[in-house]
Amino acid sequence: MSINQRRLFKEEFLQSAQKHFSGWFMDKLIVEGPCTLKGSVQISSAKNATLPILVATLLCPYPVTFDSIPELMDVGTILKLLQSMGVKVTKKGSQTIVDASHLDNQHADYALVKTMRASVLVLGPLLARYGVASVSLPGGCAIGARPVDIHLMGMEKLGAEIEIENGYIKAHCKKLKGATITLPFPSVGATENLIMAAVLAEGTTIIENAAMEPEIDDLADFLIAQGVKIEGAGTSHITVHGMDIKQLKSPAKPYRVIGDRIEAATFIIAAIMSKGEVRVEGFNPKHLTYVLETLIKMGASLEVGEDFVLVKKSQRLKGAIIETAPYPGFPTDVQAQMMALMSVVEGNSVVTETIFENRFMHVPEMGRMGSKVTLKGNSALIEGVEDLSGAPVMCTDLRASAALILCALIASGESEIQRVYHLDRGYEKIDEKLTKLGAKIKRVKG
Ligand code: UD1
């Protein structure tokens, strides 16, 4: 793609994104509480698995078919990024076909990367397949600085030469070579990037202290379905046997991404907070073991099945002490929602955030609804109150927004939740799903 074509693409992308998402950017949710949720809700495919798996199609020289890709802003962004490189994306009913047979450039532009950090995942597959990649540095985001040093260290171990120039990661290599890489921290994104890079490397790659999140396991399952040999995904020791691109083979069946454990946790907590009875289905409860055990210890009444959790009506829960940690520990992505619940339990709770340095932005907004939280460093002391009251509040990031909607559901009176686009990045039709369960939510288009 020439510089002019690239500029044109960028302008077209920004215009179409503005047109497509303009509603989302300005939309507000008006929630009338309190409500008691009842019924069943189907969980969508996991955002955090869908993003790396869509990126992994960059390794495949044939069209790949997916079932039920979730309609999320972040998924739209990653598809646009892939399209900017020449990938063809076709929708057929509930199926999405992603064809990366021919790419015309290996450049990930700032305009697309800055809106979503996961875009940096294209680095590994591009380097592995083409020996060259130019990817904008994602920069910080609201919840923390979020550097990519571990991704780059790993790529260098595989033989890539990397320079940072004008805000871009410029990487090249003749051919990546398998290596043993020990991660200083089990970064989810770095583990995914390195797995993808290792697929087309020469020889075997071992990733030590790898992240163990279920979404990594799903990425490995997707690659295994293409004929890749991977062992140990879901553990801290992952082995990827490099292969030639010609050995990859198109699977007969469309791929379906796992259910979203974070969305499921959000609905489970919503049901508990509203003292309701809700069957949350279409995900693997084993992916939420720590969260479910914590909720049960706090007094929640849960029936846990193979692919569902039934929340039964329970008395007011008790406080707890939690600390976020890499999987299988308590997920940072459920911390804000848990704090919403802790705001209305009996007694005090303590939450310590160890993954991101600035992930308490929901606290002042929740305070506007009557929650009592005191922050000290990376810990929060939450004093349970009897009731919350509706208020105008503003979303600051994805999971903080989820916490606000949970509080609004049980607060008495009206809450106006602004900047809903944060929520739309990662929750498919959350307002429609909650309305079906009996919540009174109105989306006011911007
Ligand atoms: C992924 C999830 C995100 C989740 C997070 C932690 C996706 C799309 N996003 O994000 O929802 O909250 O895992 O479970 O899957 N770090 C470095 N250097 C690096 C990489 C990471 O210092 O090279 C730090 C980050 O700044 C952060 C911590 O490590 O403080 C965790 O990051 P990481 O596990 O990489 O999370 P993401 O993949 O960005």
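Colleague: Please set out the environment of Ala 391 residue by residue, giving values where relevant.
Modeller: On the secondary structure map, Ala 391 appears in the loop between strand S21 (379–383) and strand S22 (392–394). Separated by 25 residues in sequence, Ala 391 and Met 366 have C-alpha atoms that sit 9.2 Å apart. Excluding its chain neighbours within four sequence positions, the residues that come into contact with Ala 391 are Arg 368, Met 369, Glu 414, Ser 415 and Glu 416.

Colleague: Outline the side chain of Asp 431, supporting the account with residue identities and numerical values.
Modeller: Looking at the element boundaries, Asp 431 is found in helix H15 (residues 430–436). Of the residues examined, Asp 431 reaches a relative accessible area of 9% and is grouped as buried. When residues no more than four places from it in sequence are discounted, the contact partners of Asp 431 are Leu 29, Ile 441 and Arg 443.

Colleague: So what's going on with the environment of Leu 437? Residues and values would help.
Modeller: When you line up the elements, Leu 437 lands in the loop between H15 and strand S24 (440–444). Separated by 160 residues in the primary sequence, Leu 437 and Glu 277 have C-alpha atoms spaced 9.5 Å apart. With sequence-adjacent residues up to four places away left out, Leu 437 is seen in contact with Thr 36, Leu 37, Lys 38, Gly 39, Ser 40, Val 41, Phe 267 and Val 278.

Colleague: Tell me about the pairing of strand S11 (residues 204–208), and name the residues and values.
Modeller: Along S11, the buried face is formed by Thr 205 and Ile 207; none of Thr 204, Ile 206 and Glu 208, which line the opposite face, is buried. Sheet analysis places strand S10 (residues 180–182) next to S11, joined by three bridges and oriented parallel. From the neighbouring strand, Ile 181 faces S11, where its bridge partner is Ile 207. In terms of handedness, the path from S10 via helix H7 (residues 188–199) over to S11 forms a crossover that is right-handed. In this structure, S11 lies alongside strand S13 (residues 237–241), joined through five bridges in antiparallel fashion. When the bridges of S13 are listed, Ile 206 appears paired with Thr 239.

Colleague: Mind laying out the side chain of Ser 134, listing which residues take part and the relevant values?
Modeller: Here Ser 134 lies in strand S7 (residues 132–136). In this structure Ser 134 comes out as buried when scored by relative accessible area, which is 13%. Within the structure, Ser 134 has its side chain in polar contact with the side chain of His 107 (distance 2.9 Å).

Colleague: Which residues make up the sheet that holds strand S23 (residues 413–418), and what are the values?
Modeller: Within the open sheet, the four strands sit side by side as S22-S23-S1-S24. Their pairing is mixed. Each end of this open sheet is capped by a strand with a single partner; those strands are S22 and S24. Neighbour to neighbour, the strand axes of the sheet diverge by 20° on average, direction disregarded. Across three bridges, the pairing between S22 and S23 is parallel.

Colleague: Report on the environment of Phe 267, specifying residues and quantitative values.
Modeller: Here Phe 267 lies in helix H9 (residues 261–273). On the accessibility criterion, Phe 267 (2% relative accessible area) is buried. Taking the C-alpha atoms as reference points, Phe 267 and Tyr 327, separated by 60 residues in sequence, lie 20 Å from one another. Among all residues touching Phe 267, those that are not within four sequence positions of it are Val 41, Ile 43, Val 280, Ile 430, Lys 433, Leu 434 and Leu 437.

Colleague: Residue-level account of the state of the cysteines, with values.
Modeller: On inspection of all chains with the given rule, the structure shows zero disulfides. Of all cysteine sulfurs in the structure, the one in Cys 60 sits closest to Cys 173, which takes part in no disulfide; the separation is 18 Å. Considering cysteine sulfurs only, Cys 407 is the nearest to Cys 395, which forms no disulfide, with 12 Å between them.

Colleague: Give a detailed account of the sheet that holds S10, specifying residues and quantitative values.
Modeller: Sheet architecture is open: four strands sit in the order S10-S11-S13-S12, paired in mixed fashion. The sheet is open, and its two borders are formed by S10 and strand S12 (229–231), each paired with just one other strand. Shown here is a sheet whose adjacent strand axes are inclined to one another by a mean of 15°, direction ignored. H7 rests against S10, S11, S12 and S13 of the sheet, and its axis sits at about 25° to S13.

Colleague: Explain the nonpolar core residue by residue, including any values.
Modeller: With 78 residues, the main nonpolar core has Val 122 and Leu 223 as its most contacted residues. Per-element accounting of this core gives the leading share, seven residues, to H7. If sequence neighbours within four positions are ignored, Val 122 has contacts with Val 55, Leu 58, Leu 81, Leu 82, Met 85, Ala 108 and Val 135. Membership of the second largest hydrophobic core comes to 74 residues, among which are Val 334, Leu 404, Leu 409 and Ala 411.

Rules used throughout
- Position numbers for residues start from 1 in each chain and track the written sequence from start to end.
- With the structure being a predicted model, the display of local features is reserved for residues of pLDDT at least 70 and the display and counting of side-chain atom pairs for 80 or more, all residues being used for whole-chain, interface and lining totals.
- Computation of side-chain values covers all heavy atoms of the structure but excludes hydrogens and water.
- In this description a helix means any DSSP run of H or I spanning at least four residues, a strand means any run of E spanning at least two, and both kinds are numbered starting from the N terminus.
- Only heavy atoms enter the contact rule, under which two residues are in contact if any of them lie within 4.5 Å.
- Whether a residue is buried, partly exposed or exposed follows from its accessible area with a 1.4 Å probe, protein chains only, as a fraction of its type maximum: under 20%, in between, or over 50%, in that order.
- Two strands qualify as a pair provided that DSSP identifies no fewer than 2 bridges between them.
- Here the term right-handed applies to a crossover when the path leading from its first strand over the helix to its second strand runs clockwise, the strands being oriented away from the viewer.
- Side-chain atoms alone can form a polar contact between residues adjacent in sequence; in general such a contact is a pair of N or O atoms within 3.5 Å, and within protein one must be able to donate a hydrogen while the other accepts it.
- Axes here refer to lines fitted to C-alpha atoms; in helices the fit is confined to the stretch in contact. Angles between the N-to-C directions go from 0 to 180 degrees.
- Pairs of cysteine sulfur atoms within 2.5 Å are identified as disulfides in what follows.
- Here, nonpolar core refers to any group of buried Ala, Val, Leu, Ile, Met, Phe, Trp, Tyr and Cys residues whose side-chain atoms link them within 4.5 Å.

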